[in-house]
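Fold and contact review
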Amino acid sequence: MAVVQVIPVMIPDLGEEEAQAAADAVRSGWVAQGPRVARFEQEFAAAVGAGHGVAVSSCTTGLHLALVLLDIGPGDEVIVPSLSFIATANAVRYVGATPVFADVDLATGNLTVETVDAVRTPRTRAVIAVHQGGVPFDTVALRKAADDWGVGLVEDAACAAGSTVYGAPAGTGAKVAAWSFHPRKLITTGEGGMVTVDSPEAAARLKRLREHGMNVSAADRHASKQPVLEAYLETAFNYRMTDIQAAVGLVQLAKLAGLVAQRRQLAARYQELLSDVDGLVPVTDPAYGQTNYQSFWVLLDGFPVSRDDVLSELAAKGVSARRGIMAAHLEPAYADVTPGPLPVTERITRQSLILPLHHRLTEADQDHIAGVLRELAAR
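All values derive from a computational prediction rather than experimental measurement.

With that out of the way, let us pick up the state of the cysteines. This model, assessed by the stated rule, comprises zero disulfides. No disulfide involves C59; its sulfur sits 8.1 Å from the nearest other cysteine sulfur, which is in C159.

Here it is, written out as structure tokens:
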């Protein structure tokens, strides 16, 4: 019996250069948070158009720190999209606040001024807006609205490295944004994340918050020629990144522009191959920006086969696809929450799937995937 060759949904672009960088960090003797982390923070912030970067252990911990920075706590409401990885909503609960789910735009999967305003109350203290799957939300519109409402805006940019809004990197002008370096993202450090801010005071506090609330970092203590007696200014966390991770991140960051260009080329070819398949709507750029195509999803709109059956058929033909973006309010962890109507969220999460997209995907792979979808559409 022939073995079906599987086309994976995602492969991180890691190679010998990353392995060498990690080994160099190990040989240096400095493997905890240190000089490579500091360099990675500076270079990443510059790449995404931010003033300062603060490396953390994950995007989830970055979202948590962003809410602590905004002094969000019990009694406060934070508006979030249900259509997002569950970490977005979980971060709100970490600070004791209440997540309030808002619906999203059908084309982008993102919050809009209108969907946020529909669930805003006097208790709303902040909004977490997601650049979903790398598709940027309209930062100009939502930032202005948040300012007008007097609420904080946290930008969940987990998937957005390399995306642009109105011609600038997605992080440009964000008061606080959190980024992910999980292996399913364009650039990875294994696990890890970054918080970017423009305020030097905010950056300084974030650096304390990630390191137990110490007023001087371990790196600065070790660099001092005199004993340093640190103080702990507030109850905080251990959310640090290691220099080994940062060494890998620096190599990955140098690849970002090339990876985005390649993924956009592959996405354009998918769009061409699938343009005349009835009942199937591929993700595209919004009018105000460009996506990095961290994920390439398609919405089934009148398709003759259910989403789950499409996934099964693709798997049987050697294609590792995934269900579309989850909806947190439908998960058991949020069974105690009764949100208002979320028709678009529920439609996207139940009728979409993510197709393979990565640096090793070939045109033959895409032809095969499109062929399977064409066969299913003809049923």
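On we go from here.
The next subject is the sheet that holds strand β13 (residues 322-323). Sheet strands pair via backbone hydrogen bonds, and the direction of the pair is either parallel or antiparallel. Taken in spatial order, the four strands of this open sheet run β10-β12-β14-β13, and their pairing is antiparallel. In the strand order of this sheet, the two ends are held by β10 (280-282) and β13, each with one partner. The pairing of β13 with strand β14 (residues 352-355) spans two bridges and is classified as antiparallel. The residue of β14 that forms the bridge with R322 is I354. Those strands touched by helix α10 (residues 307-316) are β12 (296-300), β13 and β14, and its axis lies near 25° from that of β14.

Now for the packing of helix α3 (residues 59-69) against helix α7 (residues 200-209). Where α3 meets α7, the closest approach of the two axes is 10 Å, and the angle between their N-to-C directions is 120°. The orientation of α3 with respect to α7, classified from their angle, is oblique. Crossing of α3 against α7: the hand is right-handed. Across from L65, V68 and L69 in α3, the residues of α7 making contact are A202, R205, L206 and L209. Here the contact of α3 with α7 is built from residues that sort into six nonpolar, no polar and one charged.

A few words on the environment of A218. Structurally, A218 can be placed in helix α8 (residues 218-223). A218 sits 185 residues away from Q33 along the chain, and the two C-alpha atoms are 7.8 Å apart.

With 13 residues, helix α2 (residues 35-47) extends 18 Å between its outermost C-alpha atoms, agreeing within 8% with the 18 Å of an ideal straight helix rising 1.5 Å per residue. The complete set of buried residues in α2 reads V37, F40, E41, F44 and A45. Down the axis of α2, the buried set is contained in an arc of 125°. They therefore lie on one face. Seen from the open side of α2, the exposed residues pointing more than 90 degrees away from its buried face are P35, Q42 and A46.

For helix α6 (residues 139-149), every residue scored as buried is listed here: T139, L142, R143, A145 and A146. Taken down its axis, α6 places every buried residue within 160° of arc, on the same side. Pointing more than 90 degrees away from the buried face of α6 are the exposed residues V140, K144 and D148. Taken together, the buried residues of α6 touch α5 (113-117), β4 (124-130), β5 (152-156) and β6 (164-165). Positive phi appears at G150, one or two residues downstream of α6, with a value of about 75°.

Further remarks concern the packing of α2 against helix α9 (residues 243-274). The N-to-C vectors of α2 and α9 enclose an angle of 35°; their axes lie 8 Å apart at closest approach. The interaxial crossing formed by α2 with α9 has left-handed handedness. Here P35, R36, V37, R39, F40, E43, F44 and A47 of α2 lie close against α9, whose contacting residues are D243, A246, A247, G249, L250 and L253.

Attention shifts here to the UniProt feature "active site" (unreviewed entry) in the protein. The UniProt entry lists K185 under the feature "active site" (unreviewed entry), expressed in the numbering used here. Along the chain, the position of K185 falls in the loop between β8 (176-180) and β9 (193-197). Look at K185 and you get buried, because its relative accessible area is 14%. Filtering out sequence-adjacent residues up to four positions away, K185 remains in contact with M10, A158, C159, S180 and Q294.

Further remarks concern the pairing of β5. By the criterion of burial, β5 is predominantly enclosed, with five of the five residues buried. Because side chains alternate across β5, one face comprises the buried residues G152, V154 and D156, and the other comprises L153 and E155, equally buried. Bridging between β4 and β5 involves five bridges; their strand directions are parallel. Paired with I128 across the two strands is V154, which belongs to β5.

Turning next to the pattern of salt bridges. If the charged atoms of two oppositely charged side chains come close together, the side chains can form a pair. Inspection of the entire model under this criterion finds 25 salt bridges. Residue D13 is joined to K255 by a salt bridge in which the shortest nitrogen-to-oxygen separation is 3.6 Å. Residue D13 is found in the segment before α1 (16-28), and its partner K255 is found in helix α9; the two are separated by 242 residues along the sequence. Look at K255 and you get partly exposed, because its relative accessible area is 21%. Taking the shortest distance from any N to any O, the salt bridge between E234 and R205 comes out at 2.7 Å. Linking E234 in the loop between α8 and α9 with R205 in helix α7, this pair joins segments that are 29 residues apart in sequence. Owing to a relative accessible area of 25%, E234 belongs among the partly exposed residues under this scheme. The network of salt bridges with common partners includes D13, E18 and K255.

Once that is clear, we can look at the nonpolar core. Soluble, globular proteins show a tendency: their nonpolar side chains are buried together. Judged by nonpolar contacts, the single largest core of 50 residues is most densely connected at L274, F296, V310, L314, L353 and L355. Counting the residues that make up this core, at least three belong to each of domain 1 (16-254) and domain 2 (256-378). If we ignore the near neighbours within four places in the chain, the residues touching L355 are V9, Y270, L274, F296, V298, L314, I369 and L373. If you look at the next biggest cluster of nonpolar residues, it comprises 39 residues, including V154, V176, A178 and Y334.

Reading guide: rules and limits
Residues numbered from 1 in each chain as written. Predicted model: local features only at pLDDT ≥ 70, side-chain atom pairs only at ≥ 80, totals over all residues. Heavy atoms only, no water. Disulfide = S-S within 2.5 Å. Pairing = 2+ DSSP bridges. Helix = DSSP H or I, 4+ residues; strand = E, 2+ residues; numbered from the N terminus. Contact = heavy atoms within 4.5 Å. Axes fitted to C-alpha atoms, helices over the stretch in contact; angles between N-to-C directions. Parallel < 35°, antiparallel > 145°, perpendicular 65-115°, else oblique. Left-handed = near helix turned anticlockwise from the far one by under 90°. Nonpolar A, V, L, I, M, F, W, Y, C, P; charged D, E, K, R; others polar. Expected span 1.5 Å × (residues − 1). Buried < 20%, exposed > 50% of the residue type's maximum accessible area, 1.4 Å probe, protein only. Arc of directions from axis to C-beta. UniProt positions renumbered as here; feature names shortened; annotations may be inferred. Salt bridge = Lys/Arg side-chain N within 4 Å of Asp/Glu carboxyl O. Core = buried A, V, L, I, M, F, W, Y, C linked by side-chain atoms within 4.5 Å. Domains from an automatic or database assignment.

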